Amino acid sequence: MVTTEPFSGSKVALFLGDQLLITLRDDYDHIPFPNVWDFPGGARDDDETPFETLAREVMEEVGLVLPRDALLWERQFPAAGNPDAKIWFFVAQMPAGTEDDIVFGDEGQGWKLVSLAAFMAMDQVVPTFAGRLTEWMAETGGLPKG
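The text that follows walks through the structure, step by step, so that each part is easy to find. (Residues numbered from 1 in each chain as written. Predicted model: local features only at pLDDT ≥ 70, side-chain atom pairs only at ≥ 80, totals over all residues. Heavy atoms only, no water.)

Thoughts on the nonpolar core
Nonpolar side chains in soluble globular proteins tend to be buried together.
Next up, step 1: The biggest cluster of nonpolar side chains holds 20 residues, and the ones touching the most others in it are L20, F39, F89, V91, F119 and L133.
Next up, step 2: Sorting the residues of this core by element identifies β1 (9-16), β2 (19-24), β5 (71-79), β6 (82-94), α2 (116-121) and α3 (129-140) as the ones contributing at least two each.
Next up, step 3: Ranked by size, the runner-up nonpolar core spans 19 residues in total, among them A55, V62, F90 and M94. (Core = buried A, V, L, I, M, F, W, Y, C linked by side-chain atoms within 4.5 Å. Buried < 20%, exposed > 50% of the residue type's maximum accessible area, 1.4 Å probe, protein only. Helix = DSSP H or I, 4+ residues; strand = E, 2+ residues; numbered from the N terminus.)

As for the side chain of T98
Next up, step 1: With respect to the helices, strands and loops of the structure, T98 is situated in the loop between β6 and β7 (110-115).
Next up, step 2: A polar atom in the side chain of T98 sits 2.6 Å from the backbone oxygen of P95.
Next up, step 3: Residues within four places of T98 in sequence aside, it is in contact with L16 and L64. (Polar contact = N/O pair within 3.5 Å; in protein donor to acceptor, adjacent residues only side chain to side chain. Contact = heavy atoms within 4.5 Å.)

Overview of the packing of aromatic side chains
Next up, step 1: Under the criterion given, the structure shown has nine aromatic pairs.
Next up, step 2: Arranged with centres 5.7 Å apart and planes meeting at 40 degrees, the rings of F15 and W136 form a pair that is tilted. Here W136 lies in helix α3 and F15 lies in strand β1, a separation of 121 residues in the sequence.
Next up, step 3: Accessibility expressed as a relative area gives 0% for F15, which makes it buried.
Next up, step 4: Judged by its relative accessible area of 2%, W136 is buried.
Next up, step 5: On the basis of an interplanar angle of 75 degrees and a centroid distance of 6.5 Å, the ring pair of W73 and F89 is categorised as edge-to-face. Within this pair, whereas W73 is found in strand β5, its partner F89 is found in strand β6, the two being separated by 16 residues in sequence.
Next up, step 6: Classification of F89 as buried rests on a relative accessible area of 0%.
Next up, step 7: An aromatic cluster is built from F39, W73, F77, F89, F119 and F129, whose rings are joined through pairwise contacts. (Phe/Tyr/Trp six-rings, centres within 6.5 Å; stacked < 30°, edge-to-face > 60°.)

Next comes the structure, spelled out in structure tokens:
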């Protein structure tokens, strides 16, 4: 994807098989949404495209190489907590077993895999994610490929 629209970062609901990969944010007062469950992703560097930002952040945070053909859906949204900023939100899927290759980076407190239903029922998550996943499900039928 090539975009001329300004954006500040990218996030991904990344399925490993049929499980979502989530990360627990650091518990610092100076960051948005401290100590809640998050998806991999983060801020744009320089002139990166939304996918380049996402791929770099996934590598930095969980040590996985995200192939472009893993993408199932993408959309630009207002950033959580800053409606003047825009972020790209992706849904992607990699094969079950990919979690064996995770090397957790130095941001966050840890990671885990959860079902989509379990994630949607969680309270301690970045507040915009359930709505974004609901939109993805409404548009696509919502379950990742086998």
